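Now for the letters of each chain:
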Amino acid sequence: MRSVDEQKKLLEVRDLKTYFYGKDETVKAVDGVSFDVLEGETFGLVGESGCGKSQTMRSILGLLKRPGKISGGQILYKGRDLVKLSQKEFQRKVRGKEIAVIFQEPMTSLNPVLRIRDQLYEAVREPGMTRQEKLARATELLRLVGIPAPESRLKEYPHQFSGGMRQRAMIAIALGAKPRLLLADEPTTALDVTIQDQIMKLINQLKEELGMSVILVTHDLGVIAQMCDRVAVMYAGLIVEMTDTVTLFKRPRHPYTHALMASLPDVDSSGGELEAISGSPPNLAQLPQGCAFAPRCRYAGDLCRRELPELREIAPGHLTRCHRLDVVEGFRGIIGAEKGGGTA
């Protein structure tokens, strides 16, 4: 895999701050996040619920709900700062065209009273396009995502599709305008394991065929291992570790990443209890002084409770945010066959 410096950057997120302003408090959902997405790669954002990964995605899409607001930073897409665009410009030039999204639950995204055909027409519509051309393109998209008998399925409504087929239809709609960047927010959470695997393989296949980049938002490290080239681990609105996926599983360096790995079942283990991460994620409106993970961290010292560590590069392309790297033990894990790994 080429280094970040050798590949062209499609998206550059710089010191992004997304805050939700209440009457008496401010929730710092995303508090200074920076990362790049390269052309043709799948970049993962992983962490517990409430860590800020979905709000990072919504910030990129310009889909923040009130009282959320981007309070600082830049989101550069092909060098253009999306933060400075009006909603009208975003809708006309970027969202659904250059950047598309697949949400977690398709039944909340698909219109229940419109046929799948009509919802696909909205995605593929171009000036001067005839109805016959739209029908041909919609049929092609359903066939592309593996929906059988697409000509007849186009006439059906979302409730007539299974969960896996609805997600495939959502992917088809997202691909309608041939986007350069696809954002997938927990795209398989509501599906059974077999269908999850099919959807993930489909996204990967389409990425390769169409030359897209993908940002995959998930809490599932197994999905990260299967799909992603590089990954950022988020906690309390911050990136705490970022590196390529193979390195993350072979040698995670942040205590939170260690804790996530330890909570996974071991396929080589004969049994036993899984390790749980003690405590609860912090209130993003009342963050503790210093490192937000310190109250849950077995390695935390006085410095951790006083000062927030910087995200620093500890090896080429490997960044982490920890004061106690000298005492954090290495971790050796397993990379799934899809990433070409084996027992580390």
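Model, not experiment: these values are computed from the prediction. (Residues numbered from 1 in each chain as written. Predicted model: local features only at pLDDT ≥ 70, side-chain atom pairs only at ≥ 80, totals over all residues. Heavy atoms only, no water.)

Colleague: I keep staring at the overall build of the chain and nothing clicks. Help me out?
Modeller: Looking only at helices and strands, the chain features eleven helices and twelve strands. Taken over C-alpha atoms, the radius of gyration comes to 21 Å for the chain, in line with the 20 Å a tight globule of 344 residues would show. Oriented by its inertia axes, the alpha-carbon framework of the chain measures out at about 70 × 50 × 40 Å. The burial tally for the chain puts 48% of its 344 residues in the buried class. Across the chain, every contact between residues at least 6 apart in sequence was considered, and the portion connecting residues at least 24 apart equals 65%. By element, 48% of the accessible surface of the chain is carried by carbon and sulfur atoms, the whole surface being about 16,800 Å². Mean positive and mean negative side-chain charge positions of the chain (48 and 43 charges, respectively) differ by 7 Å. (Helix = DSSP H or I, 4+ residues; strand = E, 2+ residues; numbered from the N terminus. Rg over C-alpha atoms; globule rule 2.2 N^0.38 Å. Buried < 20%, exposed > 50% of the residue type's maximum accessible area, 1.4 Å probe, protein only. Contact = heavy atoms within 4.5 Å. Areas by Shrake-Rupley, 256 points an atom, 1.4 Å probe, with all protein chains shown as cover. Lys, Arg positive; Asp, Glu negative; His and termini not counted. Charge placed at Lys NZ, Arg CZ, Asp CG, Glu CD.)

Colleague: Before we go on, may I ask you to explain unusual backbone geometry in this structure?
Modeller: Note: most peptide bonds trans; most residues except glycine with negative phi. The peptide bond linking Arg-66 to Pro-67 adopts the cis configuration, its omega dihedral lying at 5°. Tracing the backbone shows Pro-67 in the loop between helix H1 (53-61) and strand E4 (68-77). Even without being glycine, Ala-149 reaches a positive phi, approximately 50°. As for its position among the elements, Ala-149 is in the loop between helix H4 (131-144) and helix H5 (150-153). One non-glycine residue, Ala-236, adopts positive backbone phi at about 55°.

Colleague: Looking at this structure, I do not really get the environment of Gln-198. What am I missing?
Modeller: With respect to the helices and strands, the residue Gln-198 is situated in helix H7 (residues 193-210). For Gln-198, a relative accessible area of 34% puts it in the partly exposed group.

Colleague: Even after reading the chapter, I still don't get H1, so can you show me in this structure?
Modeller: In an α-helix, one turn spans 3.6 residues, which is why side chains three or four residues apart end up on the same side. For H1, the tally of buried residues reaches seven of nine residues, placing the bulk of the element in the interior. Immediately beyond the C-terminal end of H1, within one or two residues, lies Gly-62, with a positive phi of roughly 70°.

Colleague: I'm lost on the pairing of strand E1 (residues 9-21) in this one. Help?
Modeller: Where a strand is regular, its side chains alternate between the two sheet faces. Relative to strand E2 (residues 26-38), E1 runs antiparallel, the two sharing ten bridges. Bridge assignment links Leu-11 to a residue of E2, and that residue is Val-37. As defined by bridge partners, E1 adjoins E4 across eight bridges and the pair is classed as antiparallel. Residue pairing across strands places Val-13 opposite Ile-75, the latter belonging to E4. (Pairing = 2+ DSSP bridges.)

Colleague: Help me out: how do you make sense of helix H3 (residues 116-124) in this one?
Modeller: Burial within H3 is extensive, with seven of its nine residues counted as buried. Those residues of H3 that sit buried are Ile-116, Arg-117, Gln-119, Leu-120, Tyr-121, Ala-123 and Val-124. Those residues of H3 that are buried are in contact with H4, H5 and helix H6 (163-174).

Colleague: Explain the pattern of salt bridges here, please?
Modeller: A side chain with one charge can pair with a side chain of the opposite charge if their charged atoms come near. Enumeration over the complete set of coordinates arrives at 17 salt bridges. In this structure, Arg-153 engages Glu-156 in a salt bridge whose closest nitrogen and oxygen atoms are separated by 2.6 Å. One network of salt bridges, in which partners are shared, links Lys-9, Glu-12, Arg-14 and Asp-36. (Salt bridge = Lys/Arg side-chain N within 4 Å of Asp/Glu carboxyl O.)

Colleague: Is there a simple way to explain the nonpolar core in this structure?
Modeller: One broad trend across soluble globular proteins is that nonpolar side chains are buried collectively. Core analysis: the largest hydrophobic core is formed by 63 residues, its most contacted members being Leu-120, Ile-171, Leu-182, Ile-203, Tyr-256 and Phe-293. Membership of the second largest hydrophobic core comes to 33 residues, among which are Ile-60, Phe-90, Phe-103 and Ile-215. (Core = buried A, V, L, I, M, F, W, Y, C linked by side-chain atoms within 4.5 Å.)

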